[in-house]
Amino acid sequence: MKSFEYVRPTTVREAVAAASEPGSAYLAAGSNLLDLMKGGVVAPDRLVDITHLTGLDRIETLANGSVRIGALVRNAELAHDAHFASHFPAVAEALLSGATAQLRNAATVGGNLLQRTRCGYFYDAASACNKRVAGAGCDARGGDNRLHAVLGWSENCIATHPSDFCVPLVAFDTVVEVEGRAGKRDIPLDQLHCLPADAPERDTVLERGDMIVAIRLPAAADRFAPHSRYLKVRERTSYAFAVVSAAAALRLDAGRILEARVALGGVALKPWRAREAELLLAGNQADAALFHRAATAALVDAKPSGDNGFKIELARRIIVRALSLAASGTPARVAALPASAFASGVTHHV
Amino acid sequence: MSLTKTLVINGLKRTIVLDDPRVTLLDLLRERLDLPGTKKGCDRGQCGACTVLVNGRRINSCLTLAASLDNAEILTIEGVAQGEQLHPVQDAFIACDGLQCGYCTPGQIMSAIGLIQEAQAGDDAERVREGMSGNLCRCGAYQGITQAVLDAQKVMRASKQQEVV
Amino acid sequence: MSESPPTSPMPHIRHGSNIGQPLTRRDGILKVTGAARYAADNHPNGLAYAVLALSSIARGRVAFLDVQAAKSHPGVVEVITPANRPALAEDPDAKTNPFMFKLDLLQSDRVRYANQPIAVVVAETLEAATEGAALLAPKYEVEDPIVALDAGESFVPPSVGVGNPSEIYKGDVAKKLAAAANRLDVTYETPPQYHNPMEPHAIVAAWDGDMLSIDTPSQALAMAQGRLAGLFGISPDNIHIRSPFLGGGFGSKGFISGPQVLGVIAARMVGRPVKLVLRREQMFGPVGHRAPTRQTIRMGTDAQGKLTAIAHHTRTQSSTFDDFFEPASDASHTLYASPAISTSHDAVRVDTGTPLFMRAPGEATGSIALESAIDEMANACGMDPLTFRLANYADVEPISGKPFSSKALRECYTRGAERFGWAGRPLRTGQMRDRDGLLVGWGMGTATFPALMFQANAKATLRRDGQGMMEIGAHDMGQGAWTALAQIAADALALDMEAIAFRSGTSDLPDAGIAGGSAHTATAGMAIHNAGAAVIAALADLATSDAKSPLFGAGNGGVIARGGCLYARNDESRNESFADILSRAGRDEISAQGQSAADPSAQETYAMHSHGAVFAEVKVDPDLGQIRTTRVVGAFAAGRIINPRMVESQLLGGMIWGVSFALHEQAHMDRRSGRIINANLGEYYIPVNADVPSVEAITVEEVDSHVNALGIKGVGEIGITGTAGAIANAVWHATGIRVRKFPITLDQLITG
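Residues numbered from 1 in each chain as written. Chains lettered and ligands numbered in written order. Predicted model: local features only at pLDDT ≥ 70, side-chain atom pairs only at ≥ 80, totals over all residues. Heavy atoms only, no water.

Caption draft 1: Inspection of the interface of chain A and chain C at higher detail. Contacts between the two partners involve 43 residues from chain A and, on the opposite side, 37 residues from chain C. When chain A packs against chain C, close to 3400 Å² is buried across both sides, 52% of that on carbon and sulfur atoms. Three residues stand out in chain A for area buried against chain C, namely R236, R317 and F342 of chain A, and they jointly supply 21% of the buried area on that side. Connecting chain A to chain C are five salt bridges. The partner of R118 of chain A in a salt bridge is E683 of chain C, and the shortest N-O contact between them spans 2.9 Å. At the boundary of chain A with chain C, the tally comes to 18 residue pairs in polar contact (both at pLDDT 80 or more). Within the residue set of the side of chain A that touches chain C, elements represented by two or more residues are helix 8 (120-123), strand 9 (228-233) and helix 12 (310-328) of chain A. Top element by residues in the side of chain A that touches chain C is helix 12 of chain A. It accounts for six residues. For the side of chain A that touches chain C, the per-class residue count stands at 17 nonpolar, 12 polar and 14 charged. (Contact = heavy atoms within 4.5 Å. Buried area = accessible area lost by both parts, 1.4 Å probe. Salt bridge = Lys/Arg side-chain N within 4 Å of Asp/Glu carboxyl O. Polar contact = N/O pair within 3.5 Å; in protein donor to acceptor, adjacent residues only side chain to side chain. Helix = DSSP H or I, 4+ residues; strand = E, 2+ residues; numbered from the N terminus. Nonpolar A, V, L, I, M, F, W, Y, C, P; charged D, E, K, R; others polar.)

This is the structure we're talking about:
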């Protein structure tokens, strides 16, 4: 690991100033950053340690009913916050299906949003990767790409965003509060992450010095609580990134869908909101045929970026399943195996 | 550049002068504080062998920058037993043979103690398995590990009730 | 003085003899308190840290290393490259016996596989050495690597495994296949796998003149000592290796590896103790792996479902510069009766590190293919897989015609099937669902592993204070040698466990051979047994020839030892304690050596194998394809069980390796670069706790008077065999999809 300057600001303003210097990176838990630094994937000159800043570790309900979560709230704290989990059960389920208890105890909300792709070629410093080095090329194309993107990818990058947490968050119109050199601003989560297009080196729209200080879940989101689920297909029963995942949330009235939210994980370089599916679902009777139509609509633009055509079919199927699970109701408690196909009590037939 | 920090490690307050900000908590313990009980299996947060408790929470010490810690209370495997008296989790690991080569064992035990404190799993073996899935064991001692966590939890609960009575 | 043995303050409860008792691990307290000292836990004064720089190309040469940049990093002490590496007494590419593997010790700038060591950086701190290695920023002359099973010319290796013939024929397979009522012709693929013990290879080495002191994990101390002695041109007696605990080995620590030797070179070069520990990603290359295979199995049966022919061919690969050929086809030698059997291997040479023994080498790889094929054949015959296996039960070893020294496999089938609840399994696929709608499948496999014996020595001592000591340089990599061998030692010395000291795990003790081939307990155990018998005989000599002893004249054979006393066999009132005998003889102690080796005449006469039957249940999501092994039951017959608790753990661990083989682990190699893209524990999947909710191992009693005097067969590897196939067969039974490319992943079910 390259030597770096370690600075510890005492206010957000100081932190932003420090991190505005070129070559700086924010250090929260470091769960992803240190991993990347050890692998030689990133090599910042300066770490701006924000873990000691006060006021960023709160979960609060604002006057307008939206829920604001400080960027330094730990993943586990949020998932186990009883009030939060009862209002946003799919978010809690997603959090608990990610990584391990140890990592969830350390990793922060802000850090989760900003975690980098798990593409093996991004991590392998000897491979060509446009995300790591602009213009270097993409060795994932034509390489080992069974788990790569099927939506929103470009010839320059076929990586995926690895977060579970972000998938239900994007479905619920989460807003990201950012503080930067020019002051505070809000960014809808759906607009935080960049698709690769021609500039895959850019993960997010954040500018130098920008710091995520909180996220907000709008008040309207908790109306989905009785019918919202997160489901994640992976290659181990636990402790594996999603092959494909889905968040599905419904507002139902006597079997009729008033409003639907659907998002996919593991399919693109950002958490993928499936608005076409949502539109198709709204106003209709919740049944299997409708769910299939919605799933088809969600994947209409999907195409394989390598040996991963199966992910398109898998994504359709997981949407259908997640919708049917959501329709049958949120369980009282997150299952022993969160978001798993093997969580008992899950009915598999719609 | 050197940083001076105070950490409470296994109940002992220690002042640490850190001459290199790159040092992780794991390497601090193993290479600089003569506490090699905590193991390095991957150094990337992927195996759990380095699990310790920081302020009561289990974390991967390999992904924790020592420089970032201040006045933190750290519990490592060396601080779990009270003298000759093993912790119930340690006893249970031996009784259930929840170990073979023993290399992942310190991390498993710290993780188990963390899991029990989190109080999310209860007596549900499936929740224990899920909760212990951040600790790889290549020897495959998982059956014994799960049983040890369940057994130790019962013992700890019983002794707590006794104290209350 | 060697490593002091681990002691347990907890008294052990004994019921009669020590052998057969389920004692808890004697090293348990050390391991649960963090006090067990593994190699990398050592920190001698003046320690420097060495970090390897590894090649990122698979073929070519290193054209440039920025040694200046590395050296100018604060704290860096030395950079070792081919340009300045001190001369060695022996060419690292020399190979004088099949157990000698070529090592990459910076002998040239040539690169022959990805992750080959190309330099060593030594520094005052681990952080400085790590960054120093990164700063070398090598430049290469790159050549296109050859990495696939189809690449290059194939050839028939002169032997596979350790000296096994690469082709064996019995009967006329072609004729029998042509005449068969039912036929099968299928091809299976197994991936490259990496041992990945939780403890990465590590060494702490210190020179004092020509004396070399080492802490490093080793499955074969004497061989490591000999190899180092040859490389450094010093006497093996000058080398002291401590390896009290291995954090897993699985074959990868059987021979001292290049990186470990580089730690010794670094220590010599800087004149200080040096610690070198591989990073996890560095474990994928220079310390061995299990080579991939493509196996074609052809089978035929008669109309009644009796096998008439088995042909098992394996294509595998070795490195471009050394030989190890995974003997996968040999799995078809021992399990199923057939009048015609042929097994064959061919291979290609590729730009990877040399493959090596990895837990059940050949047996595991061959077993998953053979057990899948047997299942497919049973299905083709319309028979239940257990019925089919019983119909083809081998009463003599099929390939050799030799009788088995013992074989309780029928009982394994019965007990395993009963415990699992196999009866009532629907013949057709896709018939079972759980209450959540998940597909349920049941599959089975037969397990087998040869009962091997190597050579070992042990030294036994009885002392005047009534205590005994057994010394042997044995290896505990998790199998429980500290406990099981001490149990054998206590019985051999006719003393309680508490009355013996068991010294082990260092190279200055008698050579215990190699902890491999599931043969360590048998091999080291027999040396201990014989050493104990020899010292008791010597003591009996003292007593029976001393007129003052109550045993005078009893004759050597007329005396038995029990509980620290000798008794006249025909009159137990005549007895004397060990202590009294030594006291009167004016001796502080009496010692004797014991040796062990396989009995060649028994080996000539008998086929010797452990056996087992494994039954597995998987659940598969019908839409999403995700698979979980929900239940595994194995019943094993492996001769005498020394410590049932430790044996159960070994079997369970092996079975979990079987789960991993079938469903999880594989190295993904980029064919263009020859680099492994998932060289980490986050994406090189091995099972986590939640992957194996229920695994159960039953041992079936088996008495074998031919394998060795103790009747021990070994249990370290057999658990993988049978299990991997059972799971593959269960996946087929659940889904109707026969996946022949392992591991079975959900994409193969989605598109299947």
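Caption draft 2: Spatial organisation of the domain arrangement of chain B. Residues and elements named next belong to chain B. One can read the domain layout of chain B as domain 1 (3-79) and domain 2 (88-159). Distance from the C-alpha centre of domain 1 to the C-alpha centre of domain 2: 21 Å. Across the contact, 16 residues belong to domain 1 and 17 residues belong to domain 2. For the pair domain 1 and domain 2, the summed buried area comes to about 1300 Å², and 57% of that belongs to carbon and sulfur atoms. At the boundary of domain 1 and domain 2, one finds six residue pairs in polar contact (both at pLDDT 80 or more). With three residues, strand 3 (residues 51-54) is the single largest residue contributor to the side of domain 1 that touches domain 2. Residues belonging to the side of domain 1 that touches domain 2 are distributed by class as follows: six nonpolar, seven polar and three charged. (Domains from an automatic or database assignment.)

Caption draft 3: Fine view of unusual backbone geometry. Residue P743 of chain C is reached from F742 of chain C by a cis peptide bond, and omega for that bond is 0°. Backbone geometry at A99 of chain A places phi at a positive 55°, although glycine is not the residue there. Here A99 of chain A lies in the loop between helix 5 (89-97) and helix 6 (101-106). The class of A99 of chain A is partly exposed, set by a relative accessible area of 32%. A positive phi angle, close to 50°, is found at N55 of chain B, a residue other than glycine. Structurally, the position occupied by N55 of chain B is in the loop between strand 3 and strand 4 (57-60). (Buried < 20%, exposed > 50% of the residue type's maximum accessible area, 1.4 Å probe, protein only.)

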